[in-house]
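Residue-level listing of the chains:
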2 protein chains.
Amino acid sequence: MKLYDMRVAPNPRRVRIFLAEKGIEVPRVEINIRAGENLEPGFLAVNPRGVLPTLQLDDGTVIDESTAICRYFEALQPDPPLLGTTPLDIALIECWNRRIEFDGGQPLVDAFRNSYPPYADRAVPGRSGVAAIPALVERGRARLGEFFTVIDARLRDSEFVAGPTFSLADITLLCIADFARALKLTVPEGIPDFLRWHATVSARPSAQA
Amino acid sequence: MKLYDMRVAPNPRRVRIFLAEKGIEVPRVEINIRAGENLEPGFLAVNPRGVLPTLQLDDGTVIDESTAICRYFEALQPDPPLLGTTPLDIALIECWNRRIEFDGGQPLVDAFRNSYPPYADRAVPGRSGVAAIPALVERGRARLGEFFTVIDARLRDSEFVAGPTFSLADITLLCIADFARALKLTVPEGIPDFLRWHATVSARPSAQA
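As the structure is a computational prediction, the values presented were derived from the model and not from experiment.

Asks: Explain the domain arrangement of chain A here, please?
Replies: Much of the literature gives interface size as the accessible area that the parts lose upon coming together. Residue and element names in this part refer to chain A. Structurally, chain A comprises domain 1 (2-76) and domain 2 (87-208). Using C-alpha coordinates to define each centre, domain 1 is positioned 20 Å away from domain 2. Contacts between the two partners involve 20 residues from domain 1, matched on the other side by 24 residues from domain 2. When domain 1 packs against domain 2, close to 1700 Å² is buried across both sides, 57% of that on carbon and sulfur atoms. Our count for the domain 1 to domain 2 interface comes out at four salt bridges. Residues E101 and R14 are paired through a salt bridge, measuring 2.8 Å at the closest nitrogen-oxygen approach.

Right, here's the structure in full:
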């Protein structure tokens, strides 16, 4: 099996952290999205959708959604559990992971992809010929700012995002937050509970993956 | 428990079909998003995020992402399985479900929410004060048309979306496709394998849920 990866991109990092928490090693192939390597024939022959991360199994089967790759490894090796074990934990981890993707991740992608010159005609991940829409930058920034305020309030009441234990929802939030900071996108002031959480999860060895 | 629902909306329908396939009945409360009932104090007291579907448990806990509600019931009552049982099935169902949401569902929401007059200042589900961006309508329509062509090719090789058995990925595709048709949004001509699949899944009793 091979993991097609990009070091600085947030979704591939989610999978790397997940694997590090499980202690699983998978051979990596670095693909540079910025340089358009994901849309070159070599990679499109592996995955016509042109997105990362992509896990290719030995029989050629492709799994190209971060959470699907995570679920594959969770099912192969349940310990330590990162997607929940009881019905309620399973549901709350999925729910928080989705909220973070929808209320934080999508605005981040909107603000980034529609303003970054190399993506002027690749405003949707994995695709060419989709023109940037400048109005999405402001919408994305505004939603992202509100998202961090909501997450800060959540972390006032909960040690980790989805409850008392570390889960995929924490991994997703960490990758989004660090990518937003790297881009100097809005991370509001006055969010002490988020910062406490951020220091805790950043200190885990997996955060270096 | 209570399911806050909206009869004509695609995401609540996903959960209703899922529950019908499982033979589970949950009391429903109809909330009219178009009339803004999801942003009135009564519903915001249940779920400050203002989105549907929302499952409220008897202790007040809220699960407000469709797939999270589905995972909750899958874990409570695994039969019939709709989210896979082997690691590979689990991964492929999640992967196709996500692809359908990202490549089909998001474009549909973009095209609809940014062109429908009642949502002129509610262009993002569950939120007020987000202005429509007209350029997203054309982007959404174009992506949606391409999505149906890709899905048609997939269904040429596979009886159901994620493989030989019916799953949540089929439910998601059915709800998106029927909503796109109801809105007279692009469903291209010449997609016979999609139409064969559509007739099959529409004939299941759960499609009426």
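Here the narrative resumes.
Asks: What exactly am I supposed to notice about the packing of aromatic side chains here?
Replies: Two measures describe an aromatic ring pair: the distance that separates the ring centres and the angle between the ring planes. All names here are of chain A. Applying the stated rule across the entire model yields 20 aromatic pairs over all chains. Aromatic pair F194 and W197: ring centres 5.6 Å apart, planes at 35°, arrangement tilted. Placement of the pair is F194 and W197 together in helix α7 (residues 192-202), with a separation of three residues, close to one helical turn. W197 matches F194 in its accessibility class, with the two residues each being buried. The structure contains a cluster of three or more aromatic residues connected by ring pairs, namely F112, Y116, Y119 and F179.

Asks: What am I meant to see in helix α3 (residues 66-76) of chain B here?
Replies: Residues spaced three or four apart along an α-helix point in a common direction, a consequence of the helix completing one turn every 3.6 residues. The buried fraction of α3(B) is high, at nine of 11 residues. All of the buried residues in α3(B) are B:S66, B:T67, B:A68, B:I69, B:C70, B:R71, B:Y72, B:F73 and B:E74.

Asks: Any chance you could explain the sheet that holds strand β3 (residues 54-56) of chain A here in plain terms?
Replies: Strands pair in a sheet through their backbones, by hydrogen bonds, and they do so in one of two ways: parallel or antiparallel. Residue and element names in this part refer to chain A. Strand order in the open sheet formed by four strands is β2-β1-β3-β4, with mixed pairing between adjacent strands. The strands lining the two open edges of the sheet, one partner per strand, are β2 (28-30) and β4 (62-63). The pairing of strand β1 (residues 2-5) with β3 spans three bridges and is classified as antiparallel. Counted as the bridge partner of L3 is L55 from β3. Along the sheet face, helix α3 (residues 66-76) touches β1, β3 and β4 and points at about 45° away from the line of β3.

Asks: Teacher, can you tell me more about the interface of chain A and chain B here?
Replies: Taken together, the contact between chain A and chain B spans 41 residues of the former and 41 residues of the latter. Buried surface at the junction of chain A and chain B, both sides included, amounts to about 3500 Å², of which 61% is carbon and sulfur. Linking chain A with chain B are 10 salt bridges, by the criterion used here. Its salt-bridge partner being B:E101, residue A:R98 comes within 2.6 Å of it at the nearest N-O pair.

Asks: In this structure, what is going on with the state of the cysteines? I would like to understand it.
Replies: Note: disulfide means a covalent bond formed between the sulfur atoms of two cysteine side chains. The tally for this structure, following the rule as stated, stands at zero disulfides over all chains. Considering cysteine sulfurs only, A:C70 is the nearest to A:C175, which forms no disulfide, with 9.5 Å between them.

Asks: Is there a simple way to think about the pairing of strand β1 (residues 2-5) of chain B in this case?
Replies: Residues in a regular strand project their side chains so that they alternate between the two faces of the sheet. Residues and elements named next belong to chain B. Alignment of β1 against strand β2 (residues 28-30), held across three bridges, turns out to be parallel. Paired with D5 across the bridge in β2 is E30. For the crossover from β1 across helix α1 (residues 10-22) to β2, the handedness is right-handed.

Asks: What's the story with the relation of the copies chain A and chain B in this structure? I'm lost.
Replies: Two chain copies here: they are related by a rotation about an axis and a translation along the same axis. Superposition record for chain A on chain B: RMSD 0.0 Å, screw rotation 180°, translation along axis 0.0 Å. Here the symmetry operator amounts to a two-fold rotation axis. Both copies present the same face, since 100% of the interface residues in chain A are matched by interface residues at the equivalent positions in chain B.

Asks: Sorry, what's going on with the packing of helix α4 (residues 87-113) of chain A against helix α6 (residues 168-182) of chain A here?
Replies: What describes two packed helices is the angle between their axes and the distance between those same axes. Residues and elements named next belong to chain A. Here α4 crosses α6 at 15°, and the two axes come no closer than 9 Å. Judged by the angle between their axes, α4 and α6 are roughly parallel. Of the two possible hands of crossing, α4 and α6 adopt the one that is left-handed. On α6, the residues touching I93, W96, N97, I100, E101, G104, G105, L108 and F112 of α4 are L168, A169, T172, L173, I176, F179 and A180. For the contact of α4 with α6, the per-class residue count stands at 11 nonpolar, four polar and one charged.

Reading the values: rules and limits
Residues numbered from 1 in each chain as written. Chains lettered and ligands numbered in written order. Predicted model: local features only at pLDDT ≥ 70, side-chain atom pairs only at ≥ 80, totals over all residues. Heavy atoms only, no water. Domains from an automatic or database assignment. Contact = heavy atoms within 4.5 Å. Buried area = accessible area lost by both parts, 1.4 Å probe. Salt bridge = Lys/Arg side-chain N within 4 Å of Asp/Glu carboxyl O. Phe/Tyr/Trp six-rings, centres within 6.5 Å; stacked < 30°, edge-to-face > 60°. Helix = DSSP H or I, 4+ residues; strand = E, 2+ residues; numbered from the N terminus. Buried < 20%, exposed > 50% of the residue type's maximum accessible area, 1.4 Å probe, protein only. Pairing = 2+ DSSP bridges. Axes fitted to C-alpha atoms, helices over the stretch in contact; angles between N-to-C directions. Disulfide = S-S within 2.5 Å. Right-handed = clockwise from strand over helix to strand, strands pointing away. Least-squares fit on C-alpha atoms with pLDDT ≥ 70 in both. Parallel < 35°, antiparallel > 145°, perpendicular 65-115°, else oblique. Left-handed = near helix turned anticlockwise from the far one by under 90°. Nonpolar A, V, L, I, M, F, W, Y, C, P; charged D, E, K, R; others polar.

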